Amino acid sequence: MRIGRSALTAALTGALALGAFTAPPAQAADTGVKVSNMVVNKGKPIVVGISEEKYPSVSFRMTWPAGYTSRDITAFPYLYHDTTAAKGLDNGGIRTGHVIYYDDTPSSAKVEGDLYIDPRWTLDSNNDATTWKTAVWIRLWASETKLKAEEYLPVSGTVQVKRAARATVNASPEPVAKNKTLTVTGKLTRADWVKNAYVGYGNKLAKLQFRKAGTSTYTTVKYVRASSTGALKTTVKATTDGYWRWTFGQTSTTGGATAAGDYVDVK
């Protein structure tokens, strides 16, 4: 196994990535490089909050024409949507963090690495919570300093980027007398990439769940729809000590969330 050119040249997080992707382009041309079997984030949606940097994994297979080696090629995977592969790189694309080539024949390699997402500048619209297409920016070098050709290869496959969500819970009074009414409140929020804040996730259906003290399994007690601001409120009868929580599943644009259990002592 031999590590190819990108092990040395394609560590591209943060500001370094910007510099690499804004280099003066060569004339677009067919490089003869082929890319297949791309997998992003192990096939799972990428869920992004408002400040935490993300490094979704990426892997693919790459082949190149006879007469070249992996050291003659730089390959930068990226994601794009609502445009073409050629325009998507500089039009809000999600770019390469780093890649490493693992040559397995004289004309092919397995490429592994990650992408880089900082929601504070990578995602500037909530419409970015959508289906993204995959592509690879290929650069073929005639020498260490002379670029021969480059192209923007769309690759079969997509990945969903979603807004991170949160759920809170509070059960009161604490403690509570046995068989008396317990009021359970909470709030559902999700990332707003424009406001750079978590905002109310209104009208979402959530589950109220309970776990009896000394056990490990939560059971759904009832379903409650959040208000327009994401607020949740309901009442239940307190019968035994245990933990209460709100939870809801993911949608096409938003990840799911589960509150930490709130323990209530029943007297």
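Residues numbered from 1 in each chain as written. Predicted model: local features only at pLDDT ≥ 70, side-chain atom pairs only at ≥ 80, totals over all residues. Heavy atoms only, no water.

Asker: How do you make sense of the overall build of the chain when you look at a structure like this?
Answerer: Counting its secondary structure elements, the chain contains three helices and 18 strands. For the chain, with 267 residues in total, the buried portion stands at 45%. Put simply, of all contacts in the chain between residues at least 6 apart along the chain, 68% involve residues at least 24 apart. For the chain, the accessible surface area stands at approximately 13,000 Å², while carbon and sulfur atoms represent 50% of it. (Helix = DSSP H or I, 4+ residues; strand = E, 2+ residues; numbered from the N terminus. Buried < 20%, exposed > 50% of the residue type's maximum accessible area, 1.4 Å probe, protein only. Contact = heavy atoms within 4.5 Å. Areas by Shrake-Rupley, 256 points an atom, 1.4 Å probe, with all protein chains shown as cover.)

Asker: How should the packing of aromatic side chains be read in this particular structure?
Answerer: Evaluation of the coordinates by the stated rule reveals eight aromatic pairs. Measuring from ring centre to ring centre gives 6.2 Å for W137 and Y152, while their planes differ by 10°; the resulting arrangement is stacked. Of this pair, W137 sits in strand β8 (residues 131–141) while Y152 sits in strand β9 (residues 147–163), placing them 15 residues apart in sequence. Looking at W137, the relative accessible area reads 1%, which means it is buried. The interplanar angle of 75° and the centroid separation of 5.8 Å between the aromatic rings of Y201 and F248 together place this pair among those described as edge-to-face. Of this pair, Y201 sits in the loop between β12 (197–200) and β13 (205–212) while F248 is found in strand β16 (residues 242–248), placing the two residues 47 residues apart along the sequence. For Y201, a relative accessible area of 8% puts it in the buried group. Put simply, the rings of Y55, Y116 and W121 pair up and form one aromatic cluster. For the cation-ring pair, R166 lies above Y198, with the distance from its terminal atom to the ring centre recorded as 3.8 Å. (Phe/Tyr/Trp six-rings, centres within 6.5 Å; stacked < 30°, edge-to-face > 60°. Lys NZ or Arg CZ within 6 Å of the ring centre and 35° of its normal.)

Asker: How should the environment of L208 be read in this particular structure?
Answerer: Summarising the element assignment, L208 is placed in strand β13. It is 7.3 Å that separates the C-alpha atoms of L208 and V224, two residues lying 16 residues apart in sequence. Those residues in contact with L208 that sit more than four places away from it in its chain are V184, T219, T220, V221, K222, T234, V236, W244, R245 and W246.

Asker: Looking at this model, I keep getting lost on the pairing of strand β7 (residues 108–116). Mind explaining?
Answerer: The side chains of a regular strand alternate, first on one face of the sheet and then on the other. With respect to burial, β7 is a largely interior element, seven of its nine residues being buried. Pairing of strand β4 (residues 57–63) with β7, which is carried by seven bridges, proceeds in the antiparallel orientation. The partner of T63 across the bridge, within β7, is S108. Turn length for the strand β6 (residues 95–105)-β7 hairpin, with the two strands adjacent in sequence and antiparallel, is two residues. (Pairing = 2+ DSSP bridges.)

Asker: Quick question: what am I supposed to make of the pattern of salt bridges here?
Answerer: Two side chains bearing opposite charge may form a pair once their charged atoms approach each other closely. Under the criterion given, the structure shown has seven salt bridges. In this structure, K110 and E112 form a salt bridge, with 3.6 Å as the shortest nitrogen-oxygen distance. On the basis of relative accessibility, which here comes to 33%, the residue K110 falls in the partly exposed class. Under the relative-accessibility criterion, E112 is labelled partly exposed at 35%. Residue K267 pairs with D265 through a salt bridge whose shortest N-O separation is 3.0 Å. Sharing partners across several salt bridges, the network here consists of E53, D118 and R120. (Salt bridge = Lys/Arg side-chain N within 4 Å of Asp/Glu carboxyl O.)

Asker: It is not clear to me how the side chain of S59 should be interpreted in this structure. Could you clarify?
Answerer: Along the polypeptide, S59 turns up in strand β4. What makes S59 buried here is its relative accessible area of 18%. Setting aside anything within four residues of it in sequence, one finds S59 in contact with N37, M38, V39, K110, V111 and E112.

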